[in-house]
Amino acid sequence: MALHIRRVLVTGGAGFIGSAFVRQRLKSDQEIAITVLDKLTYAGSEENLAELRDDRRLRFVKGDICDPSTVDELAKDVDAIVNFAAESHVDRSLLDPGAFVQTDVYGTYVLLEAARKHRHQRFLQVSTDEVYGYVKDGRSKESDGLAPRSPYSATKAGGEMLVQAYHASFGLPTLITRGANTYGPYQFPEKIIPLFITNALQNLPLPIYGNGSAVRDYLHVDDHVSGIARILWKGEPGGAYNIATGTEVSGVEVADTILKLCQKPSSLKHFVKDRPGHDYRYALDTRKLRPLGWEPALRFADGLRVTVEWYKRNEAWWRTRKSEDFWQYYRANYKGLPANAVPD
Ligand code: NAD
Ligand code: DAU
């Protein structure tokens, strides 16, 4: 049967990557209608979709993916679900794993049930390279086994297992994307890049875990969401697809580049206690995705430069997020910080 996906339920569409997906799809596809379902946790905000306020193709609903009646009501009127909704920060998963089990596993089950009942054409689960665990050498292929090591990555792997089971057991046309560490505008300032940019702009220390040698493959959010769209429309149901650039950058390199772009001294670098169970490297093989016609458009140096510019121009956006609650989390996560590490 030919794919005819016109109405899409985007869960978690008020968060960082979900909102970028919504902005990009509405800009590039005049036929599409999107319903966003988002609980608006600390990480989500309608402000992230503000530029689309007058677009009648977008509907926003505040609600929880763990609530079957809300999900069912919205799922009956769409052709596909793209699930971005998740608790997404590794460090918070070490402080409160239960919230991750609830949304990333149980919430995925609720969405899968609705997709099955309403015979959706596609169910796309946005997952992560972290499900492969720490990869010392070589690159992870989609056929490799999963070996998650943090509560966050374990619950993302749990969500994936349910998705695969719904494909095998019920024939649901599912897709899984495993994206690399993503950065860009509207990212909550708890993740390394927005945290380091905004701390630099506030003249606060940049807390580098351990000796800063852990590497990530930093993927610009516009490239990540264009990959997700390719996979939604062209991917083989039942399959998983890696999305990454193939480059590796260490934590110290991230800090040095940001300090240079913000014209701040390297004395702001501050080495702190390592993240427990720190995965020092992920690396993805993207040969399965390339034939679908995707490749990253932004090199890290350029992507980081435009991202720093965005945070400089949008100070009110990130200052609101660095609230009293944020600094409470910060003190709990980064123990033993010097007095000058948080604002007065
Ligand atoms: P985010 O934390 O910025 O956004 C998550 C969104 O989900 C928020 O808007 C939040 O309000 C919403 N949400 C949380 N729980 C919900 C619930 N129970 N019901 C409805 N909405 C809920 O996260 P992000 O960085 O945009 O990540 C989006 C997805 O991409 C996640 O599934 C994450 O695992 C995955 N991912 C993230 C990255 C990355 O580097 N950020 C990389 C690969 C994959
Ligand atoms: O790889 C995909 C994953 O990328 C996503 O699934 C997650 O949702 C997303 O949060 C991200 O996880 P990471 O753990 O890679 O991102 P984070 O920004 O937390 O950390 C990136 C690296 O930087 C990691 O090696 C830890 C280090 N780090 C992080 C923070 C927050 C620091 O050195 N200091 C910090 O303060």
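This text follows the structure it describes.
Sequence order as written defines residue numbering, which begins from 1 separately in each chain. In the order they appear in the text, chains get letters beginning with A and ligands get numbers beginning with 1. Two thresholds apply to this predicted model, a pLDDT of at least 70 for residue-level local features and 80 or more for giving and counting side-chain atom pairs, whereas whole-chain, interface and lining totals are computed over all residues. With hydrogens and water stripped out, all remaining heavy atoms of the structure feed into the side-chain values.

J.: Account for the packing of aromatic side chains, with residues named and values stated.
T.: Each Phe, Tyr or Trp ring, with Trp reduced to its six-membered ring, pairs with another whose centre is within 6.5 Å; inter-plane angles below 30 degrees give stacked pairs, above 60 give edge-to-face pairs, and intermediate values give tilted ones. In this structure the tally under the stated criterion is 20 aromatic pairs. With a centroid separation of 5.8 Å and an interplanar angle of 20 degrees, the aromatic rings of Tyr209 and Tyr334 are classed as stacked. On the criterion of sequence distance, the pair formed by Tyr209 in strand β8 (residues 206–209) and Tyr334 in the segment after α11 (324–333) is long-range, its members being 125 residues apart. The pair Tyr209 / Tyr334 is uniform in exposure class, with both members buried. Sitting over a ring, as applied to charges here, requires NZ of Lys or CZ of Arg to be within 6 Å of the ring centre and within 35 degrees of the ring normal. The cationic tip of Arg92 hangs over the ring face of Tyr42; the distance from NZ or CZ to the ring centre is 3.8 Å. Here the guanidinium or amino end of Lys288 rests over the ring plane of Tyr241, the centre of that ring lying 4.4 Å away. A run of H or I in DSSP becomes a helix once it reaches four residues, and a run of E becomes a strand once it reaches two; helices and strands are each numbered from the N terminus. For each residue, the accessible area found with a 1.4 Å probe, counting protein chains only, is set against the maximum for its type, and the residue is called buried under 20%, exposed over 50%, and partly exposed in between.

J.: Residue-level account of the site of ligand 1, with values.
T.: Taken together, the neighbourhood of ligand 1 is formed by 29 residues, with Ile17, Asp38, Ser88, Tyr152 and Lys156 sitting nearest. Here a polar contact means two N or O atoms within 3.5 Å. Within protein one must be a hydrogen donor candidate and the other an acceptor candidate, and residues neighboring in sequence count only if both atoms are side-chain atoms. In the environment of ligand 1, a nitrogen atom lies 3.0 Å from a nitrogen or oxygen atom belonging to the backbone of Lys39. One of the backbone nitrogen or oxygen atoms of Thr182 is found 2.8 Å away from an oxygen atom of ligand 1. Only α1 (16–28), β5 (122–128) and α5 (151–170) provide two or more residues apiece to the shell around ligand 1. Ranked by the residues each element gives to the shell around ligand 1, the list is headed by β5, at 3 residues. Here the term charged refers only to Asp, Glu, Lys and Arg, the term nonpolar to Ala, Val, Leu, Ile, Met, Phe, Trp, Tyr, Cys and Pro, and the term polar to all other amino acids, Gly among them. Among the residues forming the shell around ligand 1, the class breakdown is 12 nonpolar, 13 polar and 4 charged. Consider each residue's heavy atoms; a residue with any of them within 4 Å of a molecule or strand counts as near.

J.: A description of helix α9 (residues 300–313) should follow, citing residues and the corresponding values.
T.: Between the first and last C-alpha of α9 there are 20 Å, a value that for 14 residues agrees with the 20 Å anticipated at 1.5 Å per step. Among all positions of α9, only Phe300, Gly303, Leu304, Thr307, Val308, Trp310 and Tyr311 are buried. Projected down its long axis, α9 shows its buried positions confined to an angular sector of 160 degrees, all on one face. Residues of α9 that are buried in the fold lie against β7 (182–183), α6 (192–201), β10 (219–220), β12 (249–250), α8 (251–261) and α10 (315–321). A helix is expected to span 1.5 Å for every residue after the first. As used here, the arc belongs to the directions running from the helix axis to the C-beta atoms. Note on contacts: a residue pair is in contact if any heavy atoms of the two residues lie within 4.5 Å.

Honestly, it's all geometry; don't read function into it.
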